[in-house]
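# Structural description and commentary
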Amino acid sequence: IMPILHHLHEMLVNTDWTPELIHERISHVVKEKALKFPQVAMPLRVMLAGVAQSPSIDRIMAILGKQEVLQRMESYLN
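Since this is a predicted model, take the numbers as computed values, not measurements.

What counts, and where the lines are drawn
- Residues numbered from 1 in each chain as written.
- Predicted model: local features only at pLDDT ≥ 70, side-chain atom pairs only at ≥ 80, totals over all residues.
- Heavy atoms only, no water.
- Helix = DSSP H or I, 4+ residues; strand = E, 2+ residues; numbered from the N terminus.
- Core = buried A, V, L, I, M, F, W, Y, C linked by side-chain atoms within 4.5 Å.
- Buried < 20%, exposed > 50% of the residue type's maximum accessible area, 1.4 Å probe, protein only.
- Contact = heavy atoms within 4.5 Å.
- Expected span 1.5 Å × (residues − 1).
- Arc of directions from axis to C-beta.
- Patch = residues over 30% accessible without salt bridge, like charges linked within 9 Å, V, L, I, M, F, W, Y side chains within 5 Å.
- Areas by Shrake-Rupley, 256 points an atom, 1.4 Å probe, with all protein chains shown as cover.
- Salt bridge = Lys/Arg side-chain N within 4 Å of Asp/Glu carboxyl O.

## Here's the deal with unusual backbone geometry
For A34, which is not glycine, the phi dihedral falls at a positive 55°. Locating A34 in the fold gives a position in the loop between α2 (19-32) and α3 (37-49).

## Considering the nonpolar core
With 21 residues, the main nonpolar core has I26, L44, M61 and M73 as its most contacted residues. The set of elements that each furnish at least two residues to this core consists of α1 (2-13), α2, α3, α4 (57-64) and α5 (66-77). Discounting chain neighbours no more than four positions away, the residues touching I26 are L8, F37, V40, L44, I57 and M61.

## A closer look at α2
Because an α-helix completes one turn every 3.6 residues, residues spaced three or four positions apart along the sequence face the same direction. Its 14 residues give α2 an end-to-end C-alpha distance of 20 Å, which sits within 8% of 20 Å, the value for a rise of 1.5 Å per residue. Those residues of α2 that sit buried are P19, I22, R25, I26, V29 and V30. End-on, the buried residues of α2 take up no more than an arc of 140°, which puts them together on one face. Away from its buried face, by an angle of more than 90 degrees, α2 presents the exposed residues E20 and K31. Contact partners of the buried residues in α2: α1, α3 and α4. Backbone geometry just after α2 places A34 at a positive phi near 55°.

## Here's the deal with a nonpolar patch on the surface
Together, I1, M2, V46 and Y76 line one region of the surface with nonpolar side chains, adding up to about 320 Å² of accessible area. The residue V46 is located in helix α3 in this model.

## Some words on the pattern of salt bridges
Within the structure shown, the criterion is met by two salt bridges. Taking the shortest distance from any N to any O, the salt bridge between R25 and E24 comes out at 2.9 Å. According to the relative accessible area criterion, R25 is buried, its value standing at 19%. R72 is the salt-bridge partner of E68, the closest N and O atoms lying 2.6 Å from each other. Taken together, the residues span about one helical turn, with E68 and R72 both in helix α5 at a distance of four residues.

Written out as structure tokens, the structure is:
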């Protein structure tokens, strides 16, 4: 899953930060890699919020803000 999350991180760097566009990027990666949404969303939730279950991941990401999300992802991925 780590390479997939790296790929998602790269996509998010140049994304306008709205829940809709964040969701679109996650969905794109899910389709591209032939996965199910929870297979990406759960590790992403753990990475960003420290828990596997939470409200909508795109909303959480929007609330945290782009810079914070990208920093947390980078910390986890490196």
